[in-house]
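Listed below, chain by chain, are the residues.
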Amino acid sequence: MAVITYLEAIRQALFEEMSADERVFVMGEDVAAYGGAFKVTEGLLEKFGDKRVIDTPISEIAIVGSAIGASYMGMRPVCELQFIDFIACCFDMLTNFAATSRYRNGAGVPIVVRGPSGGGVGGGPFHSLNPEALFLNTPGLKMVEPSTAYDAKGLLKAAIRDDDPVLYFEHKYLYRRIKDEVPGDDYIVPLGKAAIRREGSDVSIITFGAMVHTALDAAKQLEADGVQAEVIDLRSLAPLDRDAILTSVAKTSRAVLLYEARRTGGIGGELAAILAEEAFEDLDAPIVRIASEDVPVPYSPPLEAAFLPSVEKVVARVKGLIQY
Amino acid sequence: MDTTAAKPGRPSEALSATQLQEMYYFARLAREVEERLIILFRQSKVIGGLYRSLGQEGESVATTYALERRDAILPLIRNMGALMTVGVRPLEIFRQYMAKGTSNSRGRDLNIHIVHIPDPDADEPVIVGPISMLGDSIPVAAGIAMGARMRASMTSARAAAGEARDRTRVAMAWIGDGATSTGAFHEGMNFAAVQRIPLVVVAEDNKYAYSTPISKQMAIQRIDERAAAYGIPHEMVDGNDMLAVYDVAKMFVDRARAWEGASLIGVDTMRMQGHAQHDDARYVPKAMLDEWALKDPLVRYKQTLLERGVATEEQIGEIDRMAKSYAASEADLAVDEPMPDPSNVTRGVYAGDDFAVPRVEFVKSPFASGRAGLQTRHHV
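How each quantity is defined
Sequence positions are assigned chain by chain, starting from 1 and proceeding in written order. Each chain is given a letter, starting from A, and each ligand a number, starting from 1, according to the order in which they appear as written. Owing to the predicted nature of the model, reporting of local features is limited to residues with pLDDT of at least 70; listing and counting of side-chain atom pairs is limited to 80 or more, with chain, interface and lining totals taken over all residues. Each helix is a run of DSSP H or I of at least 4 residues and each strand a run of E of at least 2, with the numbering of both proceeding from the N terminus. With the radius of gyration taken over C-alpha atoms, the globule rule is written as 2.2 Å times the number of residues to the power 0.38. Using C-beta atoms placed from the backbone, we call a residue buried if 20 or more other C-beta atoms fall within 10 Å of its own, exposed if 12 or fewer do, and partly exposed for counts in between. Note on contacts: each residue gets a C-beta atom placed from the backbone, and two residues are in contact if those atoms are within 7 Å. The pairing criterion is simple: DSSP has to find at least two bridges between the two strands. To get an axis, fit a line to the C-alpha atoms, keeping to the stretch in contact for a helix; angles then go from 0 to 180 degrees between the N-to-C directions. By definition, the crossover connecting two strands over a helix is right-handed if that path, from the first strand to the second, turns clockwise as seen with the strands pointing away from the viewer. Joined through C-beta atoms within 7 Å, a set of buried Ala, Val, Leu, Ile, Met, Phe, Trp, Tyr and Cys residues constitutes a nonpolar core. Either an automatic procedure or a domain database provided the assignment from which the domain bounds are taken. Take the number of residues in a helix, subtract one, and multiply by 1.5 Å to get its expected span. Any angle between 65 and 115 degrees counts as roughly perpendicular, while under 35 counts as roughly parallel, over 145 as roughly antiparallel, and the rest as oblique. Note on convention: near helix rotated counterclockwise from far helix by under a right angle means a left-handed crossing. Clockwise means right-handed. Three residue categories are used. Nonpolar comprises Ala, Val, Leu, Ile, Met, Phe, Trp, Tyr, Cys and Pro, charged comprises Asp, Glu, Lys and Arg, and polar comprises the others, including Gly.

## Remarks on the overall build of chain B
No. 1: The helix and strand tally for chain B stands at 11 helices and nine strands.
No. 2: At 20 Å, chain B has a C-alpha radius of gyration in line with the 21 Å of a compact globule built from 380 residues.
No. 3: Projected onto its principal axes, the C-alpha positions of chain B cover 55 × 55 × 45 Å.
No. 4: Residue burial in chain B is summarised as follows: out of 380 residues, 54% are buried.

Here's what the structure looks like:
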């Protein structure tokens, strides 16, 4: 197995799926000749040609809307949004139309909408979004966010093969910082299945995306203080792996919900509700949410560092929780 | 006023007497179906609003009549005529309007929100009913035509050259004057133009978007000038002259089928009633309605048929009676059908839950024994 980056793993998934299935094509802004703003689609044009690697106008509604139409005709479009923040421009098309299509008239929409999400790179208010909470209240959509190169490839392949619309969030902080062993052949990571990244008995840190690495670093520090943290990587945000969450909390009796989006109305609220409804008897301490501050994402590094969750913040909150 | 006088070389010249009568039948059927809906509405059997296309049946039928059987239609709320022309059984309309469990959406979506997505290679029409976030249907229509073109190219790789073009689908989408003000309309039109997608957009200037007159919608004088910004062919046509509409539509549909790209038809017409039945349209000057009432598309088209000797008064009277009784019997059938089973409310959100979706029922028109090529149009 080769060690490749998170970004290369995404590209490899696109190459393999486009090679295996002529219905799969890629469209988005600057994805063809330039290879995408982050070079995720580099080399696709040369291999598959401009009929299957389509540079579009700056038109997110047209990108997603036409992908839906093409999917009705048996194609498997993969849309790239240059930054995931721009998903707000096609919010209507995704939530009102794509998400409801199967329920309304049985017309499935097998599309993938992918793009770079997340902060920590000085992207500022318009290039740092973690959008999952915007879509959590929309049945009909699926959402995934990988934290490893292995999952980046396996989840994207699963998303492309899925018969429903899948939002695939790739954390841009991880693009070139994360490398791990990725099989060069075909495999998928099934949608809706969480992974245990670290086993522990004292507290469950339930998280996903770049925050998985923050949680693992925090868990290492906590170990020195005799605290064994379990780290659950959700991988899929819709559907949620409720069993994995409940099983872990039944074991540890303490839950920390760590997510990079803003705290209020975030996915942590939904996770907390699930635990309150279904794991009340298992809990020995209050549920803790650790998330970004409830402000727009600031640009300057000291501001962004103060805004984002960090290893230090996680360690401090978990220590407090253990002493409850 | 009669712009339907025969001119050499007009596509409508090639239509047979049967086809000309068939167009009249579809427009009349659309009107009669809506007349039955008015009765059901007054009996409180229609769930939600009722939206008439009175005055716009002619252009809806004449544009659709230019399509082939496999083509895609994306009608809006005032394009009942388009659904009748592709052969959607009127029963489907009544089921939908009464929110029946037997309806195409199984009671999950309103009125003419009918969707038919056939197997990608099947010779069946594609129907995507109204998307109420107006403008959205344009990018979706572009994607359908683009996807069908891709699909045709895929299969053609294994077949003889030239086959791909025969297997493509032209998409036709209707849009009102108000909806052409949306960003989605612009993005979809521009994308279709750049990609040379076989899309024909019918932009209907029916003078009002709900209560807003077109003068507050756009500063251009003719709705078809919207298309100039996209560098695609466009033409304005008298929307209450069915043959004039057909001529322009056929020209643009043929162009699309020859893979020469997108185009836009501007239709000059009038919404003869309020936005829906609850709207008395008091904001529309009475003189304006009176003037347009004289230009009713069915009355004018009937006159054309009589003048040309294509049909007699008796024949037209027979078509009128046939359409009226068909609409009535279909409405009666739908009234007694069951409402949806509430226990299914959570089903069918995602794939893998194979909650049955009734397929759209298509019917052959009584005139479908006409010209070759149309014979199987309504028999799916």
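## Digging into the overall build of chain A
No. 1: A count of helices and strands for chain A gives 11 helices and 14 strands.
No. 2: By the compact-globule yardstick of 20 Å for 324 residues, chain A fits well, its C-alpha radius of gyration being 19 Å.
No. 3: For chain A, the spread of C-alpha atoms along the principal axes amounts to about 60 × 40 × 40 Å.
No. 4: Counting only contacts in chain A whose residues sit at least 6 apart along the sequence, the fraction spanning at least 24 positions is 79%.

## Remarks on the sheet that holds strand β12 (residues 236-238) of chain A
Residue and element names in this part refer to chain A.
No. 1: One open sheet accounts for seven strands, arranged β3-β2-β4-β5-β7-β6-β12; its pairing is mixed. In this open sheet, the two strands that pair with only one neighbour each are β3 (53-55) and β12. If you compare each strand with its neighbour and ignore which way they point, the axes differ by 20 degrees on average.
No. 2: Taken together, the two bridges between strand β6 (residues 142-144) and β12 define a ladder with antiparallel strand orientation.

## Here we look at the pairing of strand β5 (residues 199-205) of chain B
Residues and elements named next belong to chain B.
No. 1: When you tally the buried positions in β5, you get seven out of seven residues, the bulk of the element.
No. 2: Across the two faces of β5 the burial is the same, with Leu 199, Val 201, Ala 203 and Asp 205 and Val 200, Val 202 and Glu 204 all buried.
No. 3: When strand β4 (residues 171-176) meets β5, the two strands line up parallel, connected through six bridges. What sits directly across from Trp 174, in β5, is Val 202.
No. 4: Considered for its hand, the β-α-β crossover made up of β4, helix α7 (residues 183-194) and β5 is right-handed.
No. 5: Bridge analysis of β5 against strand β9 (residues 263-268) gives six bridges, and the strand direction is parallel. For Glu 204, the partnering residue across the bridge sits in β9 and is Val 267.

## Digging into the sheet that holds strand β13 (residues 255-262) of chain A
All names here are of chain A.
No. 1: Read across the sheet, five strands follow the order β9-β11-β10-β13-β14 without closing on themselves; strand pairing throughout is mixed. Sheet topology places β9 (195-198) and β14 (288-292) at the edges, where each strand pairs with a single neighbour. Sheet twist, expressed as the mean angle between neighbouring strand axes with direction ignored, is 25 degrees.
No. 2: The pairing of strand β10 (residues 203-207) with β13 spans three bridges and is classified as parallel.

## Some points on the environment of Glu 42 of chain A
Residue and element names in this part refer to chain A.
No. 1: Checked against the element boundaries, Glu 42 lands in the loop between β2 (24-28) and α2 (44-48).
No. 2: In this structure the C-alpha to C-alpha distance between Glu 42 and Glu 8, which are 34 residues apart in sequence, comes to 9.8 Å.
No. 3: Beyond its immediate stretch of four places on either side in the chain, Glu 42 contacts Arg 11, Gly 35 and Gly 36.

## What about unusual backbone geometry?
No. 1: The residue after Ala 238 of chain A, namely Pro 239 of chain A, is reached through a cis peptide bond having omega -5 degrees.
No. 2: Along the polypeptide, Pro 239 of chain A turns up in the loop between β12 and α8 (242-252).
No. 3: A positive phi angle is found at Asn 111 of chain B, which is not glycine, with a value near 25 degrees.
No. 4: Within the secondary structure layout, Asn 111 of chain B lies in the loop between α4 (90-97) and β2 (115-116).
No. 5: The residue Ala 281 of chain B is not glycine, and still its phi comes out positive at about 55 degrees.
No. 6: Residue placement: Ala 281 of chain B occurs in the loop between β9 and α9 (286-293).

## Let's talk about the pairing of β2 of chain A
Residue and element names in this part refer to chain A.
No. 1: Burial within β2 is extensive, with five of its five residues counted as buried.
No. 2: In this structure, β2 lies alongside strand β4 (residues 76-80), joined through five bridges in parallel fashion. Pairing of Met 27 across the sheet is with Cys 79, part of β4.

## Structural notes on the nonpolar core
Across soluble globular proteins, nonpolar side chains have a tendency to be buried as a group.
No. 1: By size, the foremost hydrophobic cluster in this structure holds 210 residues, and its most contacted members are Ala 141, Ala 145, Leu 199 and Val 200 of chain B.
No. 2: Per-domain counts for this core show at least three residues from each of domain 1 (2-182) and domain 2 (195-322) of chain A.
No. 3: Setting aside chain neighbours within four positions, we find Ala 141 of chain B in contact with Gly 69 of chain A together with Ala 72, Leu 74, Ala 171, Ala 173 and Leu 199 of chain B.

## So, α4 of chain B
All names here are of chain B.
No. 1: Counting buried positions along α4 yields eight of eight residues, so the element is predominantly enclosed.
No. 2: By the burial criterion, the buried members of α4 are Pro 90, Leu 91, Glu 92, Ile 93, Phe 94, Arg 95, Gln 96 and Tyr 97.
No. 3: Looking at the buried residues of α4, the elements they touch are α1 (17-42), α3 (80-86) and α11 (313-335).

## Let's talk about helix α10 (residues 297-308) of chain B
Residue and element names in this part refer to chain B.
No. 1: In a regular helix each residue adds 1.5 Å, so 12 residues correspond to 16 Å; α10 covers 16 Å between its end C-alpha atoms and thus fits that length.
No. 2: Those residues of α10 lying buried are Pro 297, Leu 298, Arg 300, Tyr 301, Lys 302, Thr 304 and Leu 305.
No. 3: Looking at the residues trailing α10, positive phi occurs at Gly 309, about 75 degrees.

## Observations concerning the packing of α8 of chain A against helix α9 (residues 267-278) of chain A
Residue and element names in this part refer to chain A.
No. 1: Closest axis-to-axis distance for the α8/α9 pair is 11 Å, and the angle between their directions is 60 degrees. Between α8 and α9, the angle falls in the class oblique. For the crossing formed where α8 meets α9, the hand is right-handed. Contact residues: Arg 242, Ile 245, Leu 246 and Val 249 in α8; Leu 271, Ile 274, Leu 275 and Glu 278 in α9.
No. 2: Of the residues contributing to the contact of α8 with α9, the split by class is six nonpolar, no polar and two charged.

## Comments concerning the interface of chain B and chain A
No. 1: The interface is formed by 36 residues belonging to chain B together with 33 residues belonging to chain A.
No. 2: Counting residues per element, the ones that place at least two in the side of chain B that touches chain A are α5 (137-156) and α7 of chain B.
No. 3: Residue contributions to the side of chain B that touches chain A peak at 13 residues, all from α5 of chain B.
No. 4: A breakdown of the residues in the side of chain B that touches chain A according to their chemical character gives 21 nonpolar, 10 polar and five charged.

The analysis is restricted to geometry; functional conclusions fall outside its scope.
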